[in-house]
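Overview (structure and organization)
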Number of protein chains: 2
Amino acid sequence: MSKELTSRAEDYSQWYNDLVIKSGLADHSAVRGCMVIKPYGFALWENMRDQLDKMFKDTGHVNAYFPLFVPKSLFEAEEKNAEGFAKECAIVTHYRLKADPDNKGKLIVDPEAKLEEELIIRPTSEAIIWNTYRGWIQSYRDLPILINQWANVVRWEMRTRLFLRTAEFLWQEGHTAHATKEEAIEETEKMLDVYADFVEQWMAVPVIKGIKTPNERFAGAEDTYCIEAMMQDGKALQAGTSHFLGQNFAKAFDVKFSDKNNKLDHVWATSWGVSTRLIGALIMAHSDDQGLIMPPKIAPVQVVIVPVYKGEESKVAIDAKANEMMCQLKALGIRVKYDNNDNSRPGWKFAEYELKGVPVRIAMGLRDIENNTVEVARRDTREKNVMGIDGLSEKIVQLLDDIQQYIYNKALAFQTAHISVADSWDDLVKILDDKGGFVSAHWDGTAETEEKIKEMAKATIRCIPLNNKKEEGACILTGKPSVQRVLFARAY
Amino acid sequence: MSKELTSRAEDYSQWYNDLVIKSGLADHSAVRGCMVIKPYGFALWENMRDQLDKMFKDTGHVNAYFPLFVPKSLFEAEEKNAEGFAKECAIVTHYRLKADPDNKGKLIVDPEAKLEEELIIRPTSEAIIWNTYRGWIQSYRDLPILINQWANVVRWEMRTRLFLRTAEFLWQEGHTAHATKEEAIEETEKMLDVYADFVEQWMAVPVIKGIKTPNERFAGAEDTYCIEAMMQDGKALQAGTSHFLGQNFAKAFDVKFSDKNNKLDHVWATSWGVSTRLIGALIMAHSDDQGLIMPPKIAPVQVVIVPVYKGEESKVAIDAKANEMMCQLKALGIRVKYDNNDNSRPGWKFAEYELKGVPVRIAMGLRDIENNTVEVARRDTREKNVMGIDGLSEKIVQLLDDIQQYIYNKALAFQTAHISVADSWDDLVKILDDKGGFVSAHWDGTAETEEKIKEMAKATIRCIPLNNKKEEGACILTGKPSVQRVLFARAY
């Protein structure tokens, strides 16, 4: 199998697909729109998940697990939510197969095993969770509930892309219940901050925090907060959302609590989620035509040591030195791999680990050992340096930090360079066509205009940035008065 | 809500259900046979999962993720496996809902959104995984593949019990691929050992390792190895299984590899799994009429500190001392909780943490502080001791070890006392009826006799113990010649 990638310039979309598959992150499966997350991709997800999980727990949340299935009658209880997801639901209707009488060895759905009520595979779990919360909440003493769930969800998308949009994906969904509106809004904002911190500090992807327009809100939310990231092709990607759900789900599922004065009120809710889609963002924010570029903090392998053997006696000496170095790096908490596989040559391995985006590669030959040096290559800049072996581990720790910072800075510079201001319709379209990125422009605040712009320019309002400057102006399409600019972009 | 439990003597089954729900481990859900794993239960599962995951990784395995869905044509490819699971499959037939024209606000399954091929929700993932492995394996260089998956699976059971048998459950499933039969068998046995170590060392539940009879094998396996545990009501519980799958799945999915001599052969397979059912085993092996008894090594909370306030000034002093003690315990890696919630009284808290099975409770009043002592109660024996505060943390570490060992020893003594020998049919039935437990008896080795014994005595052959002594005898039912004893029991 050729490991050569299509270049970004040639075909960005093909580059992405090539990269995901050839780097070993994921694979297509026999099920339409569903992917297989391969060990390398899953190790990345584990690192992301573990860090997020820690951040959730540090902010007082606990994990739980709710059923995969939502009975149709619960699914439809919150009407807007139901309407929003009805068109992309996988539906279980039967619970048994039987032998096909006409076709030996084959099975058919047993028509006698039809469910009385169809079960929807969760596209999101508000319905099943709020139906459960009803039994858990009586008084203000039962609040807040701060629960998170790591789970698989299914949304029957028609056009799928590995990681970016798959019929089944892995995610976490926080579902919290509060006694007051203020506390729920505070939680919504807090979790947006957690997401932004994680994506910026760990994934090295800068984001813009904002609020969605009513049109782009989560179905059933009062307000949807989001973080938006910029990809190298100038398209935006929604990296995480945090929803203030008001009392909508509490009302739909009749969840009330008595406050300190024994007054009954509906409970206030939030929900928030990020998914394996983040891996798509990571890939498209950093990688190049040689392959992935992994941020050191979440890279499955941070350092790879590749021996360059010449004859058997060099093997013994190099293996010994490499194992010693491995131990030193591991002692500093570094995820290091020694690839002394005999089946492939050093050059092939160099290319392979570039493709996989391992941040630091150490090459070690006999002459190196004699000189007490190694060759250290960083993946981000592709610089190579000969470095002394003494005290190397500490230098590698520093180098990993430098790489983390470098790729964040690079992505931030790209993002900053891709926020443009447009004051006329022609400018808006020209910027979107030529340069891409976010375009800051006035909008008259109506759903009709938003829809029209989407049709005409293929761009959506990504968000109204938090702490947005108030500025009077004229809508870029209708010329009607506007009180602030919003960010438009073409998006994933 | 009364927290009083039904006693074991009164109604063992009701005691179990009460305990699971009142201790906050899990709850019933709106979906038939599916449970909600509550935060306390999920924290326990996380501790179990993390330890198992470490043991899998230490033995060279990596995690990955495969689709939830299995297309029917793949599901039926390995005939025995398909036949074994066909009767308990949840089946997705449609991918869209639409507004019900006759019922405003309601939804119906859109008949136009019928899938061309039905999708089975995985009851186990051999089919989808081996269909994927075909694309990953060409040569011996691609072997072994040592993959594990943490996932939810669905088996449409008619009679369900929280944790023990639920329609959806969480588990891990290892799926490995090997170049030789010997290597695959070695893997099967290695993972059985990992399971036994985990269940004995971490869950403090002794197990018997053995092999299932052909009748009780996993559908599609050549051999099923198992660990069997003994519950307090004298019923056995299968705690984990490890399957040698031979070349059955490789043949069904056409997975071949070329060996070093370029000869093509089918790949050899294993699979192995444990599930949230283990939590049921944990509960039933250790708990008593006061509640759960958690093995310290996996207890979500290992130590709880309960203040006994008398007036405001005592609160300040006690809080300060308790926080100091918390820090010391945490520094030693102990999971400790300080419950200074004002809403409930110490006596209520004592009962609550007994119910939840927290291994060690430290009660602290003003007089204790003046005496530089605290009251330490261990959950397993319910002994209370006044202990000096100086050097307490180290003593608590030792105490947790002692408790772990004590409950293992107690369970082992119970198990040992519940392995009986029977040499006549009447003895077999009498032991099963009066005492329960495992009964070691001769069996003629035929499936017919096994089936007949199951019908007549309601007992199954739990396993043929590993390294079983060869001993000539006469079948307990038919009197036909037998070469070894096997273990019968009534089972969950």
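Residues numbered from 1 in each chain as written. Chains lettered and ligands numbered in written order. Predicted model: local features only at pLDDT ≥ 70, side-chain atom pairs only at ≥ 80, totals over all residues.

All names here are of chain A. One can read the domain layout of chain A as domain 1 (12-70 + 132-286), domain 2 (300-402) and domain 3 (419-489). Each of domain 1 and domain 3 has a C-alpha centre, and the two are 27 Å apart. For the side of domain 1 that touches domain 3, the element with the highest residue contribution is strand β11 (residues 208-211), accounting for four residues. Residue classes in the side of domain 1 that touches domain 3 are distributed as six nonpolar, four polar and six charged. (Domains from an automatic or database assignment. Helix = DSSP H or I, 4+ residues; strand = E, 2+ residues; numbered from the N terminus. Nonpolar A, V, L, I, M, F, W, Y, C, P; charged D, E, K, R; others polar.)

This part takes up the relation of the copies chain A and chain B. Between chain A and chain B, the superposition needs a rotation of 180° and an axial shift of 0.0 Å, giving an RMSD of 0.0 Å. When the rotation and shift are considered jointly, the pair of chain copies conforms to a two-fold rotation axis. Closest approach to the rotation axis among the C-alpha atoms of chain A is made by V92(A), whose C-alpha sits 2.1 Å away. Residue by residue, 98% of the interface of chain A is reproduced at the interface of chain B, so both copies engage with the same surface. (Least-squares fit on C-alpha atoms with pLDDT ≥ 70 in both. Contact = placed C-beta atoms within 7 Å.)

Let us now look at the packing of helix α2 (residues 39-58) of chain A against helix α6 (residues 181-202) of chain A. Residues and elements named next belong to chain A. For the pair α2 and α6, interaxial distance at closest approach is 11 Å and the crossing angle is 145°. Crossing handedness for the pair α2 and α6: right-handed. In this structure, α2 uses Q51, L52 and M55 to contact α6, whose residues at the interface are V194, F198 and W202. When the residues that make up the contact of α2 with α6 are grouped by side-chain class, the tally is five nonpolar, one polar and no charged. (Axes fitted to C-alpha atoms, helices over the stretch in contact; angles between N-to-C directions. Left-handed = near helix turned anticlockwise from the far one by under 90°.)

Further remarks concern the interface of chain A and chain B. Contacts between the two partners involve 56 residues from chain A and, on the opposite side, 55 residues from chain B. Within the side of chain A that touches chain B, the residues separate by chemical class into 34 nonpolar, nine polar and 13 charged. Where strand β5 (residues 91-94) of chain A and strand β5 (residues 91-94) of chain B come together, three bridges link them in antiparallel fashion. Within β5(B), the position partnered with V92(A) by the bridge is V92(B). (Pairing = 2+ DSSP bridges.)

Residue and element names in this part refer to chain A. Here strand β10 (residues 168-178) lies mainly inside the structure; eight of its eleven residues are buried. As defined by bridge partners, strand β9 (residues 145-154) adjoins β10 across ten bridges and the pair is classed as antiparallel. Along β10, the bridge assignment pairs N148 with G174. In this sheet, strand β16 (residues 268-275) lies alongside β10 in antiparallel orientation, the contact comprising eight bridges. Bridge pairing in β16 links W171 to S275. (Buried ≥ 20, exposed ≤ 12 C-beta atoms within 10 Å, placed from the backbone.)

This part covers the nonpolar core. Most often, soluble globular proteins keep nonpolar side chains buried together rather than apart. By size, the foremost hydrophobic cluster in this structure holds 305 residues, and its most contacted members are A229(A) and A229(B). Ignoring sequence-local partners within four residues, the contact set of A229(A) consists of V199(A), V205(A), V207(A), A236(A), L237(A), A239(A), A281(A) and A285(A). (Core = buried A, V, L, I, M, F, W, Y, C linked by C-beta atoms within 7 Å.)

Attention now moves to unusual backbone geometry. For the peptide bond that leads from L143(A) to P144(A), omega is -5°, which places it in the cis range. Counting through the fold element by element, P144(A) comes out in the loop between α5 (126-136) and β9. At F163(A), a residue that is not glycine, the phi angle is positive and equals roughly 65°. Relative to the helices and strands, F163(A) resides in the loop between β9 and β10. You will see that K458(B), though not glycine, has its phi angle at about 55°, which is positive. Mapped onto the elements, K458(B) comes out in the loop between α14 (447-457) and β24 (460-465). The class for K458(B) is exposed, based on 12 C-beta atoms found within 10 Å.

Residues and elements named next belong to chain A. With respect to the helices and strands, the residue T224 is situated in strand β12 (residues 223-230). Note on T224: 26 C-beta atoms within 10 Å, which makes it buried. Along the primary structure T224 and E118 are separated by 106 residues, whereas in three dimensions their C-alpha atoms are 30 Å apart. If sequence neighbours within four positions are ignored, T224 has contacts with I211, K212, E216, R217, F218, T241 and H243.

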